[in-house]
Amino acid sequence: MLPHPSARPVVTAAPTLSLTVVGLMFGLVMGLGAPLFTLEMVDLGFGTGMIAANTMMHAVGSLAIAPFMPRISMALGPKRAVTLALLTGAATLAFFPLLPSIWVWFGLRAVLGAACEIILVLSESWLNQITPDNARGRVMGLYSTLLSIGIAAGPALLTLTGRTSALPFACASIGLLVATGLVAAPWLPHPQLTPPQRPSLLRYLPLAPIAIAATLLIAMLDSAATSFLALYAMHFGWSEHGATLLLSIMLLGAMAFQIPIGWIGDRTSRRWLLVSLAGLASMGALLWPVAIHHPGVAHALLFVWDGVFASIYTVAMSVVGDRYKGGDLIAIYTLSSLAWGAGAFAGPALAASSMAATPDGLAWFAAITCALFGLLPLLLKKSA
């Protein structure tokens, strides 16, 4: 028998709204920051190597904080930890225009990376735990969609605000403060956390290798694409405005595709769906060098490509949410966060090396990594 419509309004609708808004604001910071920092450094005369090094500082902060995530969540609880991380992120963003030194930015990006890591991991695992099993796919799909909307809105916001003032930093900072108010609201419940059942995080790797590999892949290509896609397009004659808009259109694809593909995953073999998505993403990336010379084709291709590509993470993590609960789920999210940090660290460096080797290096990098991931579900048939 279905529950009465008013039976769970506070414990489902309110947390879902608040935590998905957190995902939206987190995505906005990520989507705005990557092209903003890249273009600012290009104006200052820095090459791809220095841009990659600065981008990697976000991953340094993520990797530094990730091993302490279970301890932080147990000591502070997800509500207090996410609130403090949101405030830290807002304050850090405010410092960027006040301290316009590239060397200071290295440290600030590391702090921002640590704050974003706490926000992403604890808000997503928090939402996963308080969501009923029969609604998990839809709720997590909504979270992923709003996260994608935020990431896509970042470059679009940059085209509206420009880069000649502190306005883009202020907009991102205000967004995090709005999210802080929602998370800190006294009516927002949070789960009672239990410690992981296994003593070492690495012991969870055999439980969910495909999900962790999917996180690594998404982080590598997300960080590489958001940092270098605009630069890639500008290399072939696109204007800065057009290149930034291309990035935003690409990121909109993730917003449009994740819920429909998640729906398909509920009704088909998720393993074969992952193989298919990886294959399509690899083939799509091979078409970038042709499409980049035709703006209309490039817009359509990148929109579809990122929708297919981003759905790999949604499908993989939906398997984890179904299989694992409580402390085990937190541990797998923590291990995935390490994979995310490693991917965000390695992605820009590998992409920069690829672009230095050939003008179409970014496309080749995306195609090869997606193809390699597509082999994993075939080799590990019984693992998540």
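What counts as what
- Residues numbered from 1 in each chain as written.
- Predicted model: local features only at pLDDT ≥ 70, side-chain atom pairs only at ≥ 80, totals over all residues.
- Heavy atoms only, no water.
- UniProt positions renumbered as here; feature names shortened; annotations may be inferred.
- Helix = DSSP H or I, 4+ residues; strand = E, 2+ residues; numbered from the N terminus.
- Buried < 20%, exposed > 50% of the residue type's maximum accessible area, 1.4 Å probe, protein only.
- Contact = heavy atoms within 4.5 Å.
- Areas by Shrake-Rupley, 256 points an atom, 1.4 Å probe, with all protein chains shown as cover.
- Phe/Tyr/Trp six-rings, centres within 6.5 Å; stacked < 30°, edge-to-face > 60°.
- 1 Å grid on protein atoms, 1.4 Å probe; cavity = no way out; pocket = protein on both sides within 12 Å on 5 of 7 lines; lining within 4 Å.
- Points joined across faces, edges and corners; volume = space filled by probe spheres on them.

- The protein is annotated in an unreviewed UniProt entry as MFS transporter of Acetobacter pomorum.
- Regarding the protein, the UniProt comment filed under Subcellular location (unreviewed entry) reads as follows: "Cell membrane".

**Observations concerning the overall build of the protein**
In step 1: The helix and strand inventory of the protein stands at 13 helices and zero strands.
In step 2: Its helices and strands taken in sequence order, the protein reads α-α-α-α-α-α-α-α-α-α-α-α-α from the N to the C terminus.
In step 3: For the protein, buried positions account for 57% of its 384 residues.
In step 4: Long-range contacts, defined here as pairs at least 24 residues apart, represent 84% of the contacts in the protein between residues at least 6 apart.
In step 5: About 15,400 Å² of surface is accessible on the protein, with carbon and sulfur atoms providing 72% of the total.

**Digging into the packing of aromatic side chains**
What describes a pair of aromatic rings is the distance from one ring centre to the other and the angle between the planes of the rings.
In step 1: Counted by the stated rule, this structure contains eleven aromatic pairs.
In step 2: Ring centres 5.8 Å apart and planes at 15° place the aromatic pair Phe96 and Phe169 in the stacked group. With Phe96 in helix H3 (residues 69-98) and Phe169 in helix H6 (residues 167-183), this pair connects stretches of sequence that are 73 residues apart. Of the two residues, Phe96 and Phe169, neither departs from the other in class, the shared state being buried.
In step 3: Relative to Phe106, the ring of Trp103 has its centre 5.7 Å away and its plane inclined at 20°; by these criteria the two rings are stacked.

**Considering empty space enclosed by the protein**
In step 1: Applying the stated criterion to the full structure yields four cavities of 30 Å³ or more.
In step 2: For the largest cavity, the calculated volume is near 620 Å³.
In step 3: Along the walls of the largest cavity sit 38 residues, with Phe26, Met30, Ile151, Asp222 and Trp340 positioned nearest its centre.
In step 4: Mapped by element, the contributors of at least two residues to the lining of the largest cavity are helix H1 (9-43), helix H2 (48-65), helix H4 (102-130), helix H5 (136-161), helix H7 (209-235), helix H8 (240-265), helix H11 (295-323) and helix H12 (326-357).

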